Amino acid sequence: MGKLSLGTVLFAACAAVAHAQTQEELLHDGNGGSTDNVLTYGMGYHQQRYSPLKQINKSTVKRLVPVWALSLANEVGEQGQPLVYNGVMYVSNVRQTVAIDIATGRQIWATPIEWDPAAARVVCCGLSNRGVALYDGKVFVASIDAYLKALDAKTGKEIWKTKVAEWKEGYSITSAPTVVNGVLITGMTGGEYGVRGFLAGYHPATGSLLWRRYTTAGPGEKGHETWPAGDAYLRGGGSTWITGSYDPDLDLTYWGTSNGGPWDANWRPGDNLWVASVLALRPKTGQIVWHYQWTPAETYDYDGNNENVLADITVNGVKRKVLMHADRNGFLYVLDRTNGELLAGNPYVTVNWAERIDLATGRPVETEVAKRLRSGEKVELKPRWTGGKNWFPMAFNPNTGLLYFPMKEETAIYQINKERPAYKPGERYQGVENTTAPRAPGAAWGYYAALNPLTAKPKWRMPLVEFPMWSGMLATAGGLVFSGKLSGEFIAIDEDTGKIVWQFQTSSGINAQPITYTHNGRQYVTVLSGLGGGTSAKRETAGKIQPGGSVWTFALLPD
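Residues numbered from 1 in each chain as written. Predicted model: local features only at pLDDT ≥ 70, side-chain atom pairs only at ≥ 80, totals over all residues. Heavy atoms only, no water.

Right, let's talk about the overall build of the protein for a bit. Along the protein, the regular secondary structure elements total four helices and 38 strands. Taken along its principal axes, the extent of the C-alpha atoms in the protein is 75 × 50 × 50 Å. Expressed as a percentage of contacts within the protein between residues at least 6 apart in sequence, the contacts between residues at least 24 apart total 61%. Entry remark: accessible area of the protein is about 19600 Å², with carbon and sulfur atoms responsible for 50%. For the protein, the distance from the average site of its 54 positive side-chain charges to the average site of its 50 negative ones is 2 Å. (Helix = DSSP H or I, 4+ residues; strand = E, 2+ residues; numbered from the N terminus. Contact = heavy atoms within 4.5 Å. Areas by Shrake-Rupley, 256 points an atom, 1.4 Å probe, with all protein chains shown as cover. Lys, Arg positive; Asp, Glu negative; His and termini not counted. Charge placed at Lys NZ, Arg CZ, Asp CG, Glu CD.)

Structure, rendered in structure tokens:
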């Protein structure tokens, strides 16, 4: 081969890759577009994480085998969702972005994500990167020190880089960016550090800022009356650390917001808009069209960031455009996504902080436990601050009408501090004492389940006893639901029975989101393996599960 390197040969082999992803292609992703591509976070702007593919089904899944695996040289965890375009897969973690040849599993290019090592101290709950965005021949990726950059999709070379926020003030970015209606949008994190949350829209070609929408209402803005006098809103939290969904017909993008700052709401009396809420915004301008607040006066660390899944379903005999959301606070919500009207709100795990969600007012009816907590008593709080469901995304099958997701059953021992926490830029700003209540031997950490979105009643539940769960779910027309376990098994579940019908042991724990797609007429399923995430996952797996990131891709053996 002379002086030709393996990378040169692979690059030449993939030179035919089209260098543009258009808005039209993004609109059709997961909605009648090519099954060869996965172009958006959530496998479609609706984030249903559903595929019409059925080559891999309940009858054939026994022939599902790994066809390649690739190391990602990363020991701090893999939480990303891969994207696929024209035979190339793009994956990212906190250390690098990698392009991979689907046919062989070989690396085409790898570009380091450089960040100030000191920034790691302001990243809550694990060093993570949940993926990239694709548009117009570029790969967009963020870093934990709050920079956003564009790479050339064919070479991995940096095209531009822009600073989104100052990490020394507590800001970081762990979410995948998204491009909607020609605008590159990123969220941020830092709700534990007294930041002021925001969303920001950028020009994809240049990285120039188009707009910034703060998520704590300031003077002169609607909602500011829900904050106390003074500057509490400047440290009020409301970070936006999970990628939003998008309805192109309504031209609305939907983003969740996190806990308030400090956690103790006594120091910021009021509902505190738009903390622990969902915002429906115009992607071109960042204008807020409507909002719904999951947890007013949020004081439990019940971030409202979990994904907002869009679908058209029948409600009381009428077809409605809905948004479905399983909140950390333990309630499963269905909203009219045109205006934010509450259609349903029911508990899906054990909840003791609220009796119910009042359909007339849209507000939770808090219990004596919540009142005692707010008065300063130490209480057992259900769900724990990690939620009935955390960030790991659920799937929706439009054919069954069911949501499939992992849920958690844990209890916190929780007490508000008597003294107001001191604010220092880049330091924790919480004001509570919290630990985890002991679990009974053999008690389930939670469940994999199939739920009716309007009632939260399960069709089935599979208890998970060994470890908590942190992997997302993927539903397919093959009658299967894919997910992963912290113990490393990648699994396929029968959507009708909730029984595991296939599994494969990967090299580390799985806390990422699987995808499926086709290449040359063959269906593939891919998931990242690599133990990481927050403290509870690390605590329970310490000394039992080895770290180490890798990409695993599966397909059927021939008959």
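Our focus in this paragraph is the packing of aromatic side chains. Across all of its chains, the model carries 26 aromatic pairs by this definition. A ring pair is formed by tyrosine 171 and phenylalanine 198, whose centres lie 5.7 Å apart and whose planes are at 50°; its orientation type is tilted. In this pair, tyrosine 171 is assigned in the loop between β10 (158–163) and β11 (178–180) and phenylalanine 198 in strand β13 (residues 198–202), connecting sequence segments 27 residues apart. Here tyrosine 171 falls in the buried class, since its relative accessible area comes to 10%. The class for phenylalanine 198 is buried, based on a relative accessible area of 1%. For the pair tryptophan 263 and tyrosine 414, a centre-to-centre distance of 6.5 Å together with 5° between the ring planes defines the contact as stacked. Placement of tryptophan 263 in the loop between β16 (252–256) and β17 (277–281) and of tyrosine 414 in strand β28 (residues 412–416) is noted, with a sequence separation of 151 residues between them. (Phe/Tyr/Trp six-rings, centres within 6.5 Å; stacked < 30°, edge-to-face > 60°. Buried < 20%, exposed > 50% of the residue type's maximum accessible area, 1.4 Å probe, protein only.)

Let us now look at the pairing of strand β35 (residues 500–505). Sheet analysis places strand β34 (residues 489–494) next to β35, joined by five bridges and oriented antiparallel. Each bridged residue has a counterpart across the sheet, and for isoleucine 493 the counterpart in β35 is isoleucine 500. Hairpin connection of β34 to β35: five residues between the antiparallel strands, including glycine 498 at a positive phi of 80°. (Pairing = 2+ DSSP bridges.)

This part covers the side chain of glutamine 79. Summarising the element assignment, glutamine 79 is placed in the loop between β2 (64–71) and β3 (83–85). There is a polar contact of 3.1 Å between the side chain of glutamine 79 and the side chain of arginine 130. (Polar contact = N/O pair within 3.5 Å; in protein donor to acceptor, adjacent residues only side chain to side chain.)

A few words on the sheet that holds β28. Spatially, β25-β28-β29 is the arrangement adopted by the three strands of the open sheet, whose pairing is antiparallel. On the outer flanks of this sheet lie β25 (379–381) and β29 (432–436), each paired with one strand and no other. On average, adjacent strands in this sheet sit at an angle of 30° to one another, irrespective of strand direction. Judged from the five bridges that link them, β28 and β29 form a sheet pairing that is antiparallel. Counted as the bridge partner of alanine 412 is threonine 436 from β29. (Axes fitted to C-alpha atoms, helices over the stretch in contact; angles between N-to-C directions.)

Here strand β37 (residues 522–529) lies mainly inside the structure; seven of its eight residues are buried. Pairing geometry for strand β36 (residues 515–519) and β37, over five bridges, is antiparallel. Pairing of isoleucine 515 across the sheet is with threonine 526, part of β37. Counting the residues that bridge the hairpin from β36 to β37 gives two residues, and of these asparagine 520 lies at a positive phi of roughly 55°. In terms of strand pairing, β37 meets strand β38 (residues 550–556) through five bridges, oriented antiparallel. Looking at the pairing, valine 525 lines up with phenylalanine 554 of β38.

Ordered in space as β3-β4-β5-β6, the four strands form an open sheet in which the pairing is antiparallel. With partners counted over all chains shown, the strands left at the sheet margins are β3 and β6 (107–112), one partner each. The sheet shows a mean angle of 15° between the axes of neighbouring strands, taken without regard to direction. The pairing of strand β4 (residues 88–92) with strand β5 (residues 96–101) spans five bridges and is classified as antiparallel. Within β5, the residue paired with methionine 89 across the bridge is isoleucine 100.

Applying the stated criterion to the full structure yields one disulfide. Across the disulfide, cysteine 124 is cross-linked to cysteine 125 (sulfur-sulfur distance 2.1 Å). Overall, cysteine 124 belongs to the buried group, its relative accessible area being 17%. (Disulfide = S-S within 2.5 Å.)

Counting residues in hydrophobic clusters, the biggest one holds 97 residues, and the most contacted among them are Met89, Tyr90 and Phe482. With five residues, β38 is the single largest residue contributor to this core. Look past the residues within four positions of phenylalanine 482 in its chain and what remains in contact with it is Ile56, Leu64, Gly472, Met473, Leu474, Thr476, Phe490, Ile491, Ala492, Pro514 and Val525. Core analysis: the second largest hydrophobic core is formed by 53 residues, Tyr254, Val334, Leu335 and Leu451 among them. (Core = buried A, V, L, I, M, F, W, Y, C linked by side-chain atoms within 4.5 Å.)

Here we come to the environment of asparagine 93. Positionally, asparagine 93 belongs in the loop between β4 and β5. Dropping the residues within four chain positions of it, asparagine 93 is found in contact with Leu72, Asn74, Gly77, Glu78, Ile113 and Asn129. In this structure the side chain of asparagine 93 is engaged in a polar contact, spanning 3.0 Å, whose partner is the side chain of glutamate 78. Side-chain polar atoms of asparagine 93 contact the backbone nitrogen of glutamine 96, separated by 3.0 Å.

So, about the environment of glutamine 47. Its place among the elements puts glutamine 47 in the loop between α2 (23–28) and β1 (50–51). What makes glutamine 47 buried here is its relative accessible area of 1%. Separated by 198 residues in the primary sequence, glutamine 47 and serine 245 place their C-alpha atoms 6.2 Å from one another. Side-chain polar atoms of glutamine 47 contact the backbone oxygen of glycine 244, separated by 3.0 Å.

Okay, the environment of threonine 506 next. With respect to the helices and strands, threonine 506 occurs in the loop between β35 and β36. Through-space distance from the C-alpha of threonine 506 to that of isoleucine 185 is 33 Å; in sequence the pair is 321 residues apart. Leave out the neighbours within four places in its chain, and threonine 506 touches Gly488, Phe490, Ser529 and Trp552. A polar side-chain atom of threonine 506 sits 2.6 Å from the main-chain carbonyl oxygen of glycine 488.

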